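Listed here are the chains, written in short residue letters.
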Amino acid sequence: MFKHSLLVAGLLLAACVTPYEAELSQKDAWEQLGAYHGKQGYLEWDEKRLGKQGAMTETDYEEYRAGYLRGRYEYCSDKKQVTTVVNPGYPDDCKPHQGSYGLVERGY
């Protein structure tokens, strides 16, 4: 148990992830992790970043991306104006035809 705790602490420091993100990564809950990032208004992690957290397959990445797109849709659906954005660092991502999230094209 102690070694496991040290490993988790080391991963958190090295990768700059929250304990919640680390927990989801350890459980291979890639879709949940993506949904969390999307709902918070965070930028989407790429395959390299996910690989550092343990995502090893294309399926892992696709699960993350599906969760992210759903979370991003929820994030943007509730925004009435720029000042209501949870994470003001990314307010323009919710404007129609903005960015490469492909929410409409993917059916979200």
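Quick notes on the rules
- Along every chain, residues carry numbers that run from 1 in the direction the sequence is written.
- Per-residue local features of the predicted model are confined to residues with pLDDT of at least 70, and side-chain atom pairs are confined, for both listing and counting, to 80 or more; whole-chain, interface and lining totals are unaffected and use all residues.
- Values shown for side chains rest on all heavy atoms present in the structure; no hydrogens or waters enter the calculation.
- Labels follow the DSSP assignment, with helices taken as runs of H or I lasting at least four residues and strands as runs of E lasting at least two, numbered in each case from the N terminus.
- Relative accessibility thresholds used throughout: buried, under 20% of the residue-type maximum; exposed, over 50%; partly exposed, between the two (1.4 Å probe, protein chains only).
- When checking whether two residues touch, look at their non-hydrogen atoms; a contact exists if any pair is within 4.5 Å.
- Under the convention used here, Asp and Glu are negative, Lys and Arg are positive, and both His and the chain ends fall outside the count.
- For salt bridges, the criterion is a side-chain nitrogen of Lys or Arg within 4 Å of an Asp or Glu carboxyl oxygen.
- A residue's pLDDT is simply how confident the predictor is in it, with values from 0 to 100.
- The arc in question is the one traced by the directions running from the helix axis out to the C-beta atoms.
- Orientation is described by axes fitted as lines to C-alpha atoms, over the contacting stretch for helices, and by angles from 0 to 180 degrees between their N-to-C directions.
- Geometric relationships in this document are graded by angle, where less than 35 degrees denotes roughly parallel, more than 145 denotes roughly antiparallel, 65 to 115 denotes roughly perpendicular, and other angles denote oblique.
- Each crossing is labelled by how the near helix is turned from the far one, with a counterclockwise turn of less than a right angle marking it left-handed and a clockwise turn marking it right-handed.
- Under this grouping Gly is polar, as are all residues other than the nonpolar Ala, Val, Leu, Ile, Met, Phe, Trp, Tyr, Cys and Pro and the charged Asp, Glu, Lys and Arg.

The subject of this paragraph is the environment of Leu24. On the secondary structure map, Leu24 appears in helix H2 (residues 19-26). Classification of Leu24 by relative accessible area gives buried; the value is 3%. Separated by 29 residues in the primary sequence, Leu24 and Gln53 have C-alpha atoms spaced 9.6 Å apart. Once residues lying within four places of it in the same chain are set aside, the contact partners of Leu24 are Ala29, Gln32 and Leu33.

Moving on to the side chain of Asp60. Residue position: Asp60 is located in helix H5 (residues 58-77). For the buried residue Asp60, which engages in no salt bridge, the nearest side chain bearing the opposite charge is Arg70, 13 Å off. Here Asp60 is in contact with Trp30, Gly54 and Ala55, once residues within four sequence places are set aside.

Bringing the confidence of the model for the protein into the picture now. Scored by pLDDT, the protein has a mean of 75; 59% of the residues are at 70 or more. Highest mean pLDDT in the protein belongs to helix H3 (residues 30-40) (94); lowest belongs to helix H1 (residues 2-15) (45). In the predicted structure, residues 99-108 sits below a pLDDT of 50 and forms 19 contacts with residues beyond four places in sequence or in another chain.

Taken as a whole, H2 has its buried residues at Glu21, Ala22, Leu24 and Ser25. Angularly, the buried residues of H2 cover 165° about the axis, an arc narrow enough to put them on a single face. Looking at the residues trailing H2, positive phi occurs at Asp28, about 55°.

On to the packing of H2 against H3. At their nearest, the axes of H2 and H3 sit 8 Å apart, and the two run at 155° to each other. On the basis of their axis angle, the class for H2 and H3 is roughly antiparallel. At the point where H2 passes H3, the crossing takes the left-handed sense. Residues Tyr20, Glu21, Leu24 and Ser25 of H2 form the contact with H3, whose own contacting residues are Trp30, Gln32, Leu33, Tyr36 and His37. Classifying every residue of the contact of H2 with H3 by side-chain character gives five nonpolar, three polar and one charged.

Before going further, it helps to examine the environment of Tyr36. Along the polypeptide, Tyr36 turns up in helix H3. Sequence separation between Tyr36 and Arg70 is 34 residues; the distance between their C-alpha atoms is 9.6 Å. Setting aside its immediate chain neighbours within four residues, Tyr36 contacts Tyr20, Glu21 and Tyr42.

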